[in-house]
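Remarks on the overall topology
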Amino acid sequence: MKDLFRYVPGRSVIHRMNPVTKLLLTVVICVAAFITGNIFVLLGLLAADLAIGFIAGVPGKTLNILKGLMKIAIFLFVLQTLLYRDGTPLFWIITDKGLLTAATVVLRLVVVCMPLTLVLAVTRVSDLANALVQVLHVPYKYAFTVTTAIRFIPQFLEEMSDIMEAQTARGVAFDKARGLRKLGMILPLCAPLLITSVRRTELTAVAVEVRGFALRTPASGYRRYPFGLIDAAAMIVCAGMIVAAVMIR
Amino acid sequence: MIDIQSLSFTYKDEEHPALRDVTLTVPDGGFLGIIGPAGAGKTTLVRAVSGVIPHHYRGDFYGSVSVDGMDTVDTPLTDLSRAVGMVFQDVDSQIVSTEVEDEILYGLENFGVPHSEIPERLDFALERVGIADLRGRSIASLSGGQRQKVAIASVIALRPKILVLDEPTGELDPVSSRQVFSLLSSLRKDFGITVIVVEQKIMLLCEFADRLAVMDQGAVVRQGATRDVLAGADELEALGVNCPRVTTLSQLLSKRLGRSMPVCVNLDEAETMARGLMA
Amino acid sequence: MIELEKVSFSYAAQGPTVSDLSFQIEQGEFVAILGANGAGKTTTVKLIDGLIRPTSGRVMIHGSDTAKTPVSQRARQVGFLFQNPDRQICKNTVREEILFGLSAVRGDEPEERRTARAEEVLADFGFTGDEEPFALSRGQRQRVALASILAVEPEVLILDEPTTGLDYRECCHIMDRIRRMNRERKVTVVMVCHDMEVVLDYADRALVMACGRLLGDGPVREIFRDRMLMETASILPPQMIGLAQRLGLDGGDTPEAMADVLAARAKGGEEQ
């Protein structure tokens, strides 16, 4: 969980791509997956997902995400095949159309869930925010809110584990409990966490104010995010995916 | 110059004033240490200097605070912030970036420092604080002390005339704490920056600050040259503020020998005094 | 008794590691662990409490291996005061906070006994019990945390920079209380502390660490007088010991003692 949002440094093609292009890539994959109903196109999109992960040099993470999604996917697949009534029965209550529809739904889910996490892993949050402000002229306030939220996640988790450590040390049996019971034990302890978080947001507001938050304009950013050959290539891939999805439904 | 005249401040929705009739001046290039027990109003005072009181924290404000010729009530906060750099007590809440370099860039970008000047400012800040090797690191991978230094670097890059720090060494070990104070001292010497530090480590203040202000219950109860303030060590002790052991030593000796000994504020002075006695 | 036998710990390339630590701490000792940031002090005390398990070697408390019992079970024996009291405090009043700690560890005892114990501790620390922890100062909150740990009457007390962020008066409050527990009840105290004056005033023995290794172990005064050791571990000795060394004197660890020595010398000089 902690590692889910952690930036993995590198110099891969994906790393060097403009953050906006990366975002476009994820959006296009999602849109394409919803336009098409063709299982082979979906498989192609899944291949694209995996390719992004492997090219970016995070194969381990890619497979981990895939593994995590598999559990939900299998559950959905079984549910779908059992509930689908149409088509020629193959055996028991399972029909050919049922299998196909279930496969499509599940595949779509997996295809859609993967790219954003992958892209976030190889893009600095600050680059993403800066590029959105500079290139797409997203208001800085929104970009800042999102980056702050993402930055808070690891901090929050770190504090959570510190609190659990402190409570274990005084005899609260976190180390023996599992699952829901553990969750039930953690929740009442979140009061201090909430208090520190609220206090911290307040302090952050002051801290950015004295560092010129109000003066920031889209032109303030020092780093530039030009579009290059890699981006052009990525856009062609994007166009290809959309065309394929529209042509082969 | 920082000129505070009869400042009283009560936070909105609070009953008791956080500052009571504070009058305090710090000349350009001065190094002021603020010390006092918890809840004495030290943080409130530095907030008033940086202008976040009354611009961010609302409340009843009486008296006046003038910073570098600007009245903090009439001047917009961003104008004040160009002159006053502030390092807060809780490092984690003031860091806005995920990367060290971005953190230092942040203020430079906002205040519109020409982009041609930025690389030089970046190098300067990183070098000066001694964290050039951390440049490419992510904030999450740093220790508390390293984060503290990044926070200081990000403010130094803005080249403020006045630097205000609220317990900057809270998370640091003695060696790193000294490094931070020597850094402040050298910035003051080289660029004439005025430094104001809230600090509990009295030994560091004695070594580096030329002025001390002791606070208690919202008021500045003693202020002046460090040595003069320490001369009233007994009073400080009663307020819950300790003084360096060398100071205690010089005062004990005055009593035992029945003649007044010089007030020692650091080890070198104590050594000179002791050698004089032993000769 | 606490025993570390060739204990090493490393955590996936981040966080301080410790290697090959071996030492023993007898019941009733007051031990300080000294060293720069990142020397492995916190890692060591966490290893002692079993909050982290050694990658190799053994940690024994009263003859039982910490790797074999859950930490929560050991809480009755070992109390741990963290640097930040807010990690620990989770109830709305000081009384509830103390009762919460008691019921986690002494849940098997009748409720009246726990309530009585809580009242005893409240009185001892000068709390009414109805205070709201989050409205108190940092130093007061640290005292609440300490009270709730001492309420369960542990045999060992571990302190990780207990005086960070406290003013001088609050620091003395906390440390005096801990010393009393140590002297009167023979509670073993293991403390990580950056303030060498506090270490000199309160601890009897010091362990010096650098880069995850144990460099020195001995009576506090002797350790502080070891110049080489202090330099390698980047520690500045307390002022009076530093002064005594510069002057080539043996005693004079406190300002009082130093004043006696110097006054005697000065008077002796005058008489000649």
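Since we're looking at a predicted model, the values are computed, not measured.

What to know about the overall build of chain C
Along the backbone of chain C there are 11 helices and 10 strands. Computed over its C-alpha atoms, the radius of gyration of chain C comes to 20 Å, within 12% of the 19 Å expected for a compact globule of 272 residues. Overall, the C-alpha framework of chain C stretches about 75 × 45 × 30 Å when taken along its three principal axes. Taking all 272 residues of chain C together, 57% fall into the buried category. Long-range contacts, defined as pairs at least 24 residues apart, comprise 63% of the intrachain contacts of chain C with a sequence gap of at least 6. As displayed, chain C offers around 11100 Å² of accessible surface, 47% of which is attributable to carbon and sulfur atoms. Each charge sign in chain C was given a centre, from 33 positive and 42 negative side chains, and these centres are 3 Å apart.

Focus on the overall build of chain A
When helices and strands are tallied, chain A shows 10 helices and 2 strands. The order of α-helices and β-strands along chain A, N terminus first, is α-α-α-α-β-β-α-α-α-α-α-α. Taking 249 residues into account, the globule formula puts the C-alpha radius of gyration at 18 Å, and chain A, at 22 Å, lies well above it. The principal-axis extent of the C-alpha atoms belonging to chain A is close to 65 × 55 × 30 Å. Taking all 249 residues of chain A together, 44% fall into the buried category. Considering only contacts within chain A whose residues lie at least 6 apart along the sequence, 71% involve residues at least 24 apart. Just so you have it, chain A exposes about 12800 Å², and 73% of that area is on carbon and sulfur atoms. Each charge class in chain A was averaged separately, 26 positive and 13 negative side chains, and the resulting centres sit 2 Å apart.

Thoughts on the interface of chain A and chain B
In this complex, chain A contributes 29 residues to the contact, which on the side of chain B involves 32 residues. Buried area between chain A and chain B, summed over both chains or domains, comes out near 3000 Å², and the portion from carbon and sulfur atoms is 51%. Broken down residue by residue, the surface that chain A buries against chain B is led by V210, R211 and Y222 of chain A, which jointly contribute 29%. In this assembly, chain A and chain B are joined by 6 salt bridges. The closest approach of N and O atoms between E101 of chain B and R223 of chain A, which form a salt bridge, is 3.1 Å.

Regarding the sheet that holds strand β1 (residues 2-9) of chain C
Residue and element names in this part refer to chain C. Read from one edge of the open sheet, 4 strands run β2-β1-β4-β5, paired in antiparallel fashion. Looking at the sheet topology across the chains shown, the edges are occupied by β2 (18-25) and β5 (64-65). Each of β1, β2 and β4 (56-61) is contacted by helix α1 (residues 41-49), which is oriented at about 60° to β2, the strand it contacts most.

Looking at the domain arrangement of chain C
Residues and elements named next belong to chain C. Taken domain by domain, chain C comprises domain 1 (2-236) and domain 2 (238-272). Taken over C-alpha atoms, the centre of domain 1 sits 34 Å from the centre of domain 2. Summed over both partners, the interface of domain 1 with domain 2 comes to about 820 Å²; 47% of that surface belongs to carbon and sulfur atoms. Inspection of the region where domain 1 meets domain 2 yields 2 salt bridges.

Digging into the interface of chain C and chain B
Size of an interface: often given as the accessible area lost when the parts come together. Counting from both sides, the interface comprises 33 residues of chain C and, opposite them, 36 residues of chain B. Both sides together, the interface formed by chain C and chain B hides about 3200 Å², and carbon and sulfur atoms give 61% of it. A per-residue breakdown of the area chain C buries against chain B is headed by Y168, Q239 and R246 of chain C, which together make up 21% of the total. One can count 5 salt bridges joining chain C with chain B. Close ionic contact of D201 of chain C with R245 of chain B constitutes a salt bridge, the shortest N to O distance being 2.8 Å. Linking chain C with chain B are 12 residue pairs in polar contact (both at pLDDT 80 or more).

Quick look at the pairing of strand β6 (residues 78-81) of chain C
All names here are of chain C. Residue alternation in β6 divides its side chains into two sets, V78 and F80 and G79 and L81, and both sets are buried. Note: β6 against strand β7 (residues 156-160), 4 bridges, orientation parallel. The residue of β7 that forms the bridge with V78 is V156.

Points about the sheet that holds strand β1 (residues 2-11) of chain B
All names here are of chain B. Reading across from one edge, β2-β1-β4-β5 is the order of the 4 strands in this open sheet, with antiparallel pairing throughout. Because the sheet does not close on itself, it has two edges, and the strands there are β2 (19-26) and β5 (70-71). Judged from the 2 bridges that link them, strand β4 (residues 59-67) and β5 form a sheet pairing that is antiparallel. In the strand pairing of β5, S66 is matched with D71. In this fold helix α1 (residues 42-50) packs onto β1, β2 and β4, with an angle of close to 120° to the strand it touches most, β1.

A closer look at the packing of aromatic side chains
For any pair of aromatic rings, the description rests on two quantities: the centre-to-centre distance and the angle between the ring planes. Tallied over the full model, the rule gives 11 aromatic pairs over all chains. Summarising the aromatic geometry, the rings of Y140 of chain A and F144 of chain A are spaced 5.9 Å apart at their centres and angled 45° between planes, so their arrangement reads as tilted. Taken together, the residues Y140 of chain A and F144 of chain A, both in helix α7 (residues 140-169) and 4 residues apart, mark about one turn of the helix. Here Y140 of chain A and F144 of chain A have matching classes, each one buried. Between the aromatic rings of Y11 of chain B and Y57 of chain B, the centroid separation amounts to 6.0 Å while the plane-to-plane angle is 85°, which identifies the pairing as edge-to-face. Within this pair, whereas Y11 of chain B is found in strand β1, its partner Y57 of chain B is found in the loop between α2 (52-55) and β4, the two being separated by 46 residues in sequence. Of the two residues, Y11 of chain B and Y57 of chain B, both sit in the buried class. Every member of this aromatic cluster is reached through a ring pair, and the members are F9, Y11, Y57 and F61 of chain B. One residue, R47 of chain B, lies across the ring of Y57 of chain B, its end atom 4.1 Å from the ring centre.

Section: empty space enclosed by the protein
All told, the structure shown has 5 cavities of 30 Å³ or more when counted by the stated rule. Approximately 230 Å³ is the volume found for the largest cavity. Listing elements by their share of the lining of the largest cavity, those giving two or more residues are α6 (125-136) and α7 of chain A together with α5 (100-110) of chain B. With 5 residues, the single largest contributor to the lining of the largest cavity is α7 of chain A. For the lining of the largest cavity, the residue count by class is 8 nonpolar, 5 polar and 4 charged. Of the pockets and cavities examined, the second largest cavity occupies roughly 90 Å³. Lining the second largest cavity, in full, are A166, A169 and R170 of chain A together with A75, V78, G79, F80, G101, V105, S148, I149 and V152 of chain C. When contributions to the lining of the second largest cavity are tallied by element, the ones reaching two or more residues are α7 of chain A together with β6, α3 (94-105) and α5 (138-150) of chain C. Considering each element in turn, the lining of the second largest cavity owes the most residues, 3 residues, to β6 of chain C.

Cut-offs used in this document
- Residues numbered from 1 in each chain as written.
- Chains lettered and ligands numbered in written order.
- Predicted model: local features only at pLDDT ≥ 70, side-chain atom pairs only at ≥ 80, totals over all residues.
- Heavy atoms only, no water.
- Helix = DSSP H or I, 4+ residues; strand = E, 2+ residues; numbered from the N terminus.
- Rg over C-alpha atoms; globule rule 2.2 N^0.38 Å.
- Buried < 20%, exposed > 50% of the residue type's maximum accessible area, 1.4 Å probe, protein only.
- Contact = heavy atoms within 4.5 Å.
- Areas by Shrake-Rupley, 256 points an atom, 1.4 Å probe, with all protein chains shown as cover.
- Lys, Arg positive; Asp, Glu negative; His and termini not counted.
- Charge placed at Lys NZ, Arg CZ, Asp CG, Glu CD.
- Buried area = accessible area lost by both parts, 1.4 Å probe.
- Salt bridge = Lys/Arg side-chain N within 4 Å of Asp/Glu carboxyl O.
- Pairing = 2+ DSSP bridges.
- Axes fitted to C-alpha atoms, helices over the stretch in contact; angles between N-to-C directions.
- Domains from an automatic or database assignment.
- Polar contact = N/O pair within 3.5 Å; in protein donor to acceptor, adjacent residues only side chain to side chain.
- Phe/Tyr/Trp six-rings, centres within 6.5 Å; stacked < 30°, edge-to-face > 60°.
- Lys NZ or Arg CZ within 6 Å of the ring centre and 35° of its normal.
- 1 Å grid on protein atoms, 1.4 Å probe; cavity = no way out; pocket = protein on both sides within 12 Å on 5 of 7 lines; lining within 4 Å.
- Points joined across faces, edges and corners; volume = space filled by probe spheres on them.
- Nonpolar A, V, L, I, M, F, W, Y, C, P; charged D, E, K, R; others polar.

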